[in-house]
Structures are given as C-alpha cells and as structure tokens.
Amino acid sequence: MEETRSGFLRVVSRIKNSVLLDKKEVDAVIRELQRALLRADVDVKLVFQVSQRVRERFFSEKVPPGFSKREVLLKILYEELVRLLGGEEPYEFRVDKRPKVVMLVGIQGSGKTTTAAKLAAYLQKRGFRVGLVAADTYRPGAYEQLKQLSEAVGAGFYGEPGARDAVGVARRGLDYFRRRGYDVVIIDTAGRHKDEAGLIEEMREIAAGVKPDETILVIDSTIGKAAGRQAAAFHEAAPIGSIILTKMDGSAKGGGALSAVAATGARVAFIGVGEKVGDLRPFDAREYVSRLLGMPDLRGLLERFDKLERIERERAKAIAAGKLTLLDLRDQLKRVRSMGPLSSVLEMLGGSALPPGVAEQGEKNIRKWLVIMDSMTVEELLNPSIIDRHRVERIARGSGTTPRDVRELLAAYKRTKKLMRQLSKSRRKLRGLGF
Ligand SMILES: Nc1nc2c(ncn2[C@@H]2O[C@H](COP(=O)(O)OP(=O)(O)O)[C@@H](O)[C@H]2O)c(=O)[nH]1
Ligand SMILES: [Mg+2]
C-alpha cells in the first residue's frame, strides 16, 4: 500500500466515522488531512492554506437537502485537492514556437526514454513533426533504445553512438532538427551518473546549452512521496515546467504527484498507463484525486452533487422567471413553522379573528405537507408537473399518508401558484399605472 494514498484514505475514513462533525470532530479531520499532506511532502505553508480553506468552507457552506454534512466535507476535500493539483482544466501542451524544445529529465528507470517516444507519437498524431535526441550518453544501450522507438513511432532521430559529451549531442541534435524545420524537438537525458551531484550538474549544462522551452520531469508514480525530493533536486537544475507521471497502470495510485507538484509548482501534463507508445493520457486532476480518496464511493457522491448543481441552476431559472416550485413552498412553510405555532403567527399578523380550530388544522396540514414533500425527489419538487399517478402512490407510501393527502398538497400548491401569478400580474398592472 502506498503511503501517500493511505494517508488520504485515513482522512476519508475519519470523515465517514464522524457523528456530528462539530468543531472538535472537524479539527480531528483537519489534523489527519494535515498529516497526510505533510507526509506527501507538501510545503507546510500550503498545508496550512489548504486545511484552512477546507475548514472555512465547511463551516460556511450550506448542507443541501438530501446530503449529509459528511458528504459536504468530502466534496470540499475533493475540490481543494483538485485545486492543489492545478484545477479541473486539463493542462494544455502548447506548441507555440518552432521548434519547441522539450527536455525530459528524471532518474534512471522513471520512464524518460519510453515517454519521449510516447510524447512524440501523441504530438505527431496531432500533426506536428517531432524529432528525438539521444542525450543519455551515460547508460549503454540508451542510444539504441531511443533509435528503435523513434523508428517505431516514425519520429525523427538524432544520436551519436559512443559519444560522451551529452551537452554537445543535445546542441547538435537541436541544430539538426532546427535546420530541417521540425515542430518539436524532445531531448532524452540520462538518469544516472557517478553521483547525484554529477547528474544534476549535467542537467544544468544541457539546459544552458539548448535553452528548453519546457522541461518535463518524468516521475515513476510508484515511488510515492520520494517524488518530492527528486522533483526539488531537478527543479533547481532546470526549472520544471510540467510533469509526466508514469506507470499509472499498475497498483500505484501515484500519491507522489502531490509531492512533485508541491515541490515544483508545475502541473502534471500527462500520465503513462503502459509500456506501449500509445499509452499516454492527458492528466485529469479530478480522476486522480478520486483515486487518491478511494473510488468508487466518491464518484457516486460527486455525481449527486453535479446533479444538485444542475437542479440549483434550473431552480434559479425558475425563480428568475417568477415560477413557484414546491421546493419554494416547502422553504416557506418551514420558515412559517419555525416562527412558532401558527395561531400566534397569525396573531402577530393581526389575524386573530380566525374561528377556533382553524389555526390548529392549518398547522396539522403544514406538518403533513412537509412530511409528504420529504418523500419527493428534488426533481419532483422542482417540477411538480411530472408527478403522475404512480408517483403520487409512491410518495404517499413513502410518507405514510394517502394518495388523497398528496393530491391535496398538489392542489394547494396549484392554488398558491395561481395566486402568485395573479399577484404579480396585478403588481405589473399597478406599476404600469404609475404606482
Ligand atoms: N507499466 C508501465 N511501464 C512503463 C511505463 N513507462 C515506462 N515503463 C517501463 O519502465 C522501464 C524504464 O523505462 P525507460 O523509458 O527506459 O526509463 P528511463 O531510464 O527513465 O529512460 C521500462 O521497462 C519501461 O517499459 C508506464 O507508463 N507503464
Ligand atoms: Mg532512458
């Protein structure tokens, strides 16, 4: 089990096991979240910002009908992690200069050479001419590996078998493709050296020699939080513009992405999902965070929130158009009831002359109607015209009332709606008359 991911799974299970989600319980969740983020090597300041945002949002956002506080907190957690990874919008790999010079860096075995070919295939499919430069002069066989992959994907290739001077190879390779009018030049580099300092120094020199437009850090997703330290080291040699996470097809959930992103401020551009040259996908932060927090539970929850958002938009439209929905009626009735017994509410409004028993009856009705409306779906509340005979029966059964009670409520709703329409019409008329 990868440690970064298990940290976030613990946050989720703590949320799920909370009862009240009062200040004390939320604090415990936040502490767990902070631990998980710190364990993923996220910068302390960032950890504080994220947890602060989660807490503030949780205590200020409304819990929508049909959702629990736990679900709201889970959603906020999800959204803040997506934001941390750069947001919902996928990273866009731009080719806004010819040739665009891309330098791949990362340690040995992370998947640079394979990724160079994958990226070439991806870009060629989109109409760009791509050249690959074999600037890993350290590992025997690196030249041959890239040469074969280039042929397999039909990309240009430049390399000097037996060369020692990686910086020279990179510069000559770039020249070679520039003169031939290529759109993108990808430079594959070494991942191992006599020592780490030597490797980092070589990256610095290559970067100085070819002035890459984008340096891409290739990271093995199975290494977890160690990604943070690696990322920081490379970032110092050549500022990292984006990240490619490889081996996301395995059991690893790639918690290391958070560390790498946090260490460099760069975004994840692609993920590698297999050994073949076609196995490269644009990174989707939403999918990634869902994995981090444990699918498939979360997916269902997010879908429900999406649906709610759609409904809220419809409702806003209905309100703007002056339409009354059952949802509005329910809110109104709840408000009236929270003011006290109906008889005293009416008294406050100067309506104390009601015949005895009427207020009590009204109160009983309100109580019954609220129970009935609790058995309706949000779609039904928003759009009562869809409530047919079958739905009436289901709602009656669900609320322990009779179909007749449900129909009475619907009739009352229609009367109210009509009344509202007349009111707004006469208001318009009055306005028209200059009032
Ligand atoms: N399953 C899987 N294997 C990968 C992926 N990317 C690279 N590899 C494998 O990882 C190993 C090292 O890849 P290589 O490109 O030589 O790494 P380099 O040393 O950084 O250049 C090879 O066996 C690749 O086939 C991936 O996305 N999924
Ligand atoms: Mg390699």
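Residues numbered from 1 in each chain as written. Chains lettered and ligands numbered in written order. Predicted model: local features only at pLDDT ≥ 70, side-chain atom pairs only at ≥ 80, totals over all residues. Heavy atoms only, no water.

**Q** So what exactly am I meant to see when it comes to the environment of Leu 9 here?
**A** Position of Leu 9 relative to the elements: it lies in helix α1 (residues 3–16). Between the alpha carbons of Leu 9 and Gln 332 there is a distance of 40 Å; along the sequence they are 323 residues apart. (Helix = DSSP H or I, 4+ residues; strand = E, 2+ residues; numbered from the N terminus.)

**Q** Got a minute to help me understand the side chain of Asp 220 in this structure?
**A** Along the chain, Asp 220 turns up in strand β5 (residues 214–220). Filtering out sequence-adjacent residues up to four positions away, Asp 220 remains in contact with Gly 109, Ser 110, Thr 246 and Lys 247. (Contact = heavy atoms within 4.5 Å.)

**Q** Would you mind going over the nonpolar core with me for this structure?
**A** It is characteristic of soluble globular proteins that their nonpolar side chains tend to be buried jointly. Counting residues in each nonpolar core, the largest one holds 79 residues, and the members touching the most others are Phe 8, Leu 37, Tyr 288 and Leu 293. Of all the elements, helix α4 (residues 69–84) adds the most residues to this core, at nine residues. Taken domain by domain, the makeup of this core includes at least three residues from each of domain 1 (3–88) and domain 2 (100–283). Leu 37 has contacts with Phe 8, Val 42, Val 47, Val 50, Leu 81, Leu 84 and Leu 258, leaving out every residue within four places of it along the chain. (Core = buried A, V, L, I, M, F, W, Y, C linked by side-chain atoms within 4.5 Å. Buried < 20%, exposed > 50% of the residue type's maximum accessible area, 1.4 Å probe, protein only. Domains from an automatic or database assignment.)

**Q** Explain the packing of aromatic side chains here, please?
**A** Aromatic ring pairs are reported here in terms of the distance separating the ring centres and the angle at which the planes meet. Under the definition given, this model contains nine aromatic pairs. Here the aromatic rings of Phe 58 and Phe 59 are separated by 5.3 Å at their centres, their planes lie at 65 degrees, and the arrangement is edge-to-face. Aromatic pair Phe 177 and Tyr 182: ring centres 4.7 Å apart, planes at 65 degrees, arrangement edge-to-face. Across the pair, Tyr 182 and Phe 177 agree in class, each one buried. Three or more aromatic residues link up through ring pairs in this structure, and these residues are Tyr 158, Tyr 176, Phe 177 and Tyr 182. The ring of Tyr 176 has Arg 180 lying over it, and the distance from NZ or CZ to the ring centre is 3.8 Å. (Phe/Tyr/Trp six-rings, centres within 6.5 Å; stacked < 30°, edge-to-face > 60°. Lys NZ or Arg CZ within 6 Å of the ring centre and 35° of its normal.)

**Q** Sorry, what's going on with the sheet that holds strand β4 (residues 184–189) here?
**A** Strands belonging to one sheet form pairs held by backbone hydrogen bonds; the direction of such a pair is parallel or antiparallel. Read from one edge of the open sheet, eight strands run β3-β2-β4-β1-β5-β6-β7-β8, paired in mixed fashion. Two strands close off the open sheet at either side, each with one partner strand: β3 (156–158) and β8 (280–282). Neighbouring strand axes in the sheet, compared pairwise and without regard to direction, differ in orientation by 25 degrees on average. As paired strands, strand β2 (residues 130–135) and β3 are joined by three bridges and run parallel to one another. Counterpart to Gly 131 in the pairing with β3 is Gly 156. The strands that helix α7 (residues 166–179) touches are β1 (100–105), β2, β3 and β4; relative to β2, the one it contacts most, it runs at about 165 degrees. (Pairing = 2+ DSSP bridges. Axes fitted to C-alpha atoms, helices over the stretch in contact; angles between N-to-C directions.)

**Q** Help me out: how do you make sense of the side chain of Thr 115 in this one?
**A** Its location among the elements puts Thr 115 in helix α5 (residues 112–125). Those residues in contact with Thr 115 that lie beyond four places of it in its chain are Leu 104, Val 218, Ile 244 and Thr 246.

**Q** Got a minute to help me understand the environment of Leu 333 in this structure?
**A** On the secondary structure map, Leu 333 appears in helix α13 (residues 326–338). Sequence separation between Leu 333 and Ala 207 is 126 residues, and the spatial gap between their C-alpha atoms is 68 Å. The contact partners of Leu 333, leaving out residues within four places of it in the chain, are Ile 366, Trp 369, Leu 370 and Met 373.

**Q** Sorry if this is basic, but what is going on with the site of ligand 1 here?
**A** Gly 109, Lys 112, Thr 114, Asp 249 and Glu 275 are the nearest of the 17 residues found near ligand 1. Between an oxygen atom of ligand 1 and a main-chain N or O atom of Lys 112, the distance comes to 2.7 Å. Within the backbone of Gly 274, an N or O atom sits 3.2 Å from an oxygen atom of ligand 1. Coverage of ligand 1 by the protein chains reaches 79% of its 580 Å² of free accessible surface. Residue contributions to the shell around ligand 1 peak at four residues, all from α5. Grouping the constituent residues of the shell around ligand 1 by class yields two nonpolar, 10 polar and five charged. (Near = heavy atom within 4 Å. Polar contact = N/O pair within 3.5 Å; in protein donor to acceptor, adjacent residues only side chain to side chain. Areas by Shrake-Rupley, 256 points an atom, 1.4 Å probe, with all protein chains shown as cover. Nonpolar A, V, L, I, M, F, W, Y, C, P; charged D, E, K, R; others polar.)

**Q** Explain the pattern of salt bridges to me, please; I cannot follow it from the model alone.
**A** Think of it this way: side chains of opposite charge can pair up when their charged atoms draw near. With the rule as written, the count across this model stands at 30 salt bridges. For Arg 172, the salt bridge goes to Asp 165, with nearest N and O atoms at 4.0 Å. Among the salt bridges present, the one from Glu 379 reaches Lys 307, with a minimum N-O distance of 3.2 Å. Here Glu 379 is found in helix α16 (residues 378–382), whereas its partner Lys 307 is found in helix α12 (residues 297–320), with 72 residues between them in sequence. Accessibility expressed as a relative area gives 32% for Glu 379, which makes it partly exposed. A relative accessible area of 37% means that Lys 307 is categorised as partly exposed. (Salt bridge = Lys/Arg side-chain N within 4 Å of Asp/Glu carboxyl O.)

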